[in-house]
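One-letter residues, chain by chain:
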Amino acid sequence: ATPTSIMVGTGKGAENGILIKGAEHLEHAHKLTTIVLDKTGTITKGEPEVTDIVPLTGFDEAELVRLASSAERNSEHPLAQAIVNYGKRQGVLMADTESFTAIPGHGVEVTIAGKRILVGTRKLMQENKIEFAAAVAQIERLELQGKTVMLFALEDRLSGLFAVADTVKEGSAQAISELQKMGIEVWMMTGDNTRTAQAIAQTVGITNVMAEVLPEHKAEKVEALKKAGKVVAMVGDGINDAPALATADVGFAIGTGTDVAIAAADITLMRGELSGIVAAIRLSKATMRNIK
Ligand code: ADP
Ligand code: MG
């Protein structure tokens, strides 16, 4: 490989908001067979908004919003932020929290006024032996709309549901279609539940979905694809994505995402758009043609 063409390629990338950390990444990008996209913040904007609040068993809605937003105030998760922002807009008086535990990939456990509150997934409720069978139909109806549903329990009783929706980035579907036309297999990988993930995948033309993947398992999924002989890129924005970004043959970070993801990645897409992946692969191809 001639250093000059690589330098030119890297420079062209930079002009287009594609920051390539080393020459080898530009040399690898044209060999990719498989691209794994994180959902939240990568395919979608990562700015979820509360769309539905469902108090259960006669629980007071205002109290539900107050307790949930107080409970999520200490969490940095975008879903937590959605609930907190909603509470703030409603002007709730936040309650003090006596203890707070984040359970990655599941939710939060918080104590307010001596009472235990859980906000999170069905799995979180299962693990805490909280009955939610009566709410399943409502949960599934919301998930089929591509919304993420968080369950709220107070003192071992399911008392409400919060649904949030995140908007797909404008260029996502187009970029995914271009990657597929290049013969690349495109996957979505997310910690979110299968129904929500499938609904979003469908709107952007992805049929390969890995859902309910816990943060600590994302890298293993990438490793498994590599072991199956694929040349794999991972694209992500979150702290959770960092190990998978480092494991992939080429890691792409969304430049508007977390510093941890950017540090773990080989290439950063400064504009935060998936079209940057298409551009990087084209640049890699062009650069390698000049070298040969
Ligand atoms: P993603 O891959 O979309 O970033 P995560 O692995 O971070 O997802 O989380 C998976 C699921 O766990 C979320 O869809 C949500 O249901 C639940 N969850 C995670 N953190 C929280 C939180 N702070 N509050 C409520 N639910 C949460
Ligand atoms: Mg993300």
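This text follows the structure it describes.
Note that the structure is a prediction, hence the values are computed from the model and not measured.

**Student:** How should the overall build of the protein be read in this particular structure?
**Tutor:** Looking only at helices and strands, one finds 13 helices and 13 strands in the protein. Here the protein has a C-alpha radius of gyration of 21 Å; the compact-globule value for 292 residues is 19 Å, and the two agree. Expressed as lengths along the three principal axes of its C-alpha atoms, the size of the protein is roughly 70 × 30 × 30 Å. Here the protein holds 292 residues, and 50% of them are scored as buried. When contacts within the protein are restricted to residue pairs at least 6 apart in sequence, long-range pairs at least 24 apart make up 59% of them. Within the structure as shown, the protein displays about 13,300 Å² of accessible surface, and the carbon and sulfur contribution to it stands at 51%. Computed over 30 positive and 36 negative side-chain charges, the separation of the two mean positions in the protein equals 6 Å.

**Student:** Would you mind showing me how to read the site of ligand 1 here?
**Tutor:** The local shell around ligand 1 holds 20 residues, among which T40, E72, H77, G105 and G191 are the closest. With respect to ligand 1, the side chain of T40 contributes an N or O atom lying 3.1 Å from an oxygen atom. When contributions to the shell around ligand 1 are tallied by element, the ones reaching two or more residues are helix 5 (78–89), strand 5 (107–112), strand 6 (115–120) and strand 7 (148–154). Among the residues forming the shell around ligand 1, the class breakdown is five nonpolar, twelve polar and three charged.

**Student:** Would you explain the pairing of strand 6 in this entry?
**Tutor:** Here strand 5 pairs with strand 6 via six bridges, running antiparallel. Bridge pairing links I112 to K115 in strand 6. The loop that links strand 5 with its antiparallel partner strand 6 comprises two residues; one of these, A113, has a positive phi angle of about 50°. Pairing between strand 6 and strand 7: four bridges, direction antiparallel.

**Student:** I would appreciate a short explanation of the coordination of the magnesium ion (ligand 2) in the present structure.
**Tutor:** Put simply, the ideal angle at a metal is 109.5 degrees for four donors in tetrahedral geometry and 90 or 180 degrees for six donors in octahedral geometry. Each protein donor to the magnesium ion (ligand 2) is listed here as D38 (OD), T40 (O) and D237 (OD); together their distances run 2.0 to 2.2 Å. Residue class for D38 comes out buried when judged on its relative accessible area of 5%. For T40, a relative accessible area of 25% corresponds to the partly exposed category.

**Student:** Could you clarify how one ought to interpret the sheet that holds strand 3 (residues 49–55) in this entry?
**Tutor:** Backbone-to-backbone hydrogen bonds pair the strands of a sheet. The strands run either parallel or antiparallel. The six strands lie next to each other as 3-8-7-6-5-4, forming an open sheet whose pairing is antiparallel. Looking along the sheet, the strands with just one partner apiece sit at the ends: strand 3 and strand 4 (99–103). Averaged over all adjacent pairs, the angle separating strand axes in this sheet is 15°, with direction ignored.

**Student:** What should I look at first to understand the side chain of T148 in this one?
**Tutor:** Assignment of secondary structure puts T148 in strand 7. At a separation of 2.5 Å, a polar atom in the side chain of T148 contacts the side chain of D192. Residues in contact with T148, not counting those within four places in the same chain, are K39, L79, F162, A163, V164, D192 and T196.

**Student:** Quick question: what am I supposed to make of the pattern of salt bridges here?
**Tutor:** Charged atoms that come close allow side chains of opposite charge to pair. Summed over the entire model, instances satisfying the criterion amount to 13 salt bridges. Where E140 meets R195, a salt bridge forms, and the shortest distance between an N and an O atom there is 3.4 Å. Of this pair, E140 sits in helix 7 (residues 136–143) while R195 is found in helix 9 (residues 194–204), placing the two residues 55 residues apart along the sequence. With a relative accessible area of 28%, E140 lands in the partly exposed category. On the accessibility criterion, R195 (28% relative accessible area) is partly exposed. When the shortest N-O distance is used, the salt bridge between E178 and R282 registers 3.6 Å. Of this pair, E178 sits in helix 8 (residues 172–181) while R282 is found in helix 13 (residues 275–291), placing the two residues 104 residues apart along the sequence. By sharing partners, the salt bridges in this structure join R122, E140, E143 and R195 into a single network.

**Student:** Sorry if this is basic, but what is going on with helix 4 (residues 61–72) here?
**Tutor:** For an α-helix, 3.6 residues make a turn, and residues three or four places apart therefore share a direction. Taking 1.5 Å as the rise per residue, helix 4 with twelve residues should run 16 Å; its terminal C-alpha atoms sit 16 Å apart, in good agreement. Residues L64, V65, L67, A68, S69, S70, A71 and E72 constitute the buried set of helix 4.

**Student:** How do you make sense of the packing of aromatic side chains when you look at a structure like this?
**Tutor:** Here the distance between the centres and the angle between the planes together describe a pair of aromatic rings. Scanning the entire structure with this criterion turns up one aromatic pair. Relative to F152, the ring of F59 has its centre 6.3 Å away and its plane inclined at 50°; by these criteria the two rings are tilted. Of this pair, F59 sits in the loop between strand 3 and helix 4 while F152 sits in strand 7, and the two are 93 residues apart along the sequence.

**Student:** Would you explain the environment of Y86 in this entry?
**Tutor:** Among the secondary structure elements, Y86 is positioned in helix 5. Between the alpha carbons of Y86 and R195 there is a distance of 24 Å; along the sequence they are 109 residues apart. Among all residues touching Y86, those that are not within four sequence positions of it are V50, I53 and V65.

What counts and how
Residues numbered from 1 in each chain as written. Chains lettered and ligands numbered in written order. Predicted model: local features only at pLDDT ≥ 70, side-chain atom pairs only at ≥ 80, totals over all residues. Heavy atoms only, no water. Helix = DSSP H or I, 4+ residues; strand = E, 2+ residues; numbered from the N terminus. Rg over C-alpha atoms; globule rule 2.2 N^0.38 Å. Buried < 20%, exposed > 50% of the residue type's maximum accessible area, 1.4 Å probe, protein only. Contact = heavy atoms within 4.5 Å. Areas by Shrake-Rupley, 256 points an atom, 1.4 Å probe, with all protein chains shown as cover. Lys, Arg positive; Asp, Glu negative; His and termini not counted. Charge placed at Lys NZ, Arg CZ, Asp CG, Glu CD. Near = heavy atom within 4 Å. Polar contact = N/O pair within 3.5 Å; in protein donor to acceptor, adjacent residues only side chain to side chain. Nonpolar A, V, L, I, M, F, W, Y, C, P; charged D, E, K, R; others polar. Pairing = 2+ DSSP bridges. Donors = N, O, S within 2.8 Å, 3.2 Å for Na, K, Ca; no water. Axes fitted to C-alpha atoms, helices over the stretch in contact; angles between N-to-C directions. Salt bridge = Lys/Arg side-chain N within 4 Å of Asp/Glu carboxyl O. Expected span 1.5 Å × (residues − 1). Phe/Tyr/Trp six-rings, centres within 6.5 Å; stacked < 30°, edge-to-face > 60°.

Nothing here speaks to function; it is geometry throughout.
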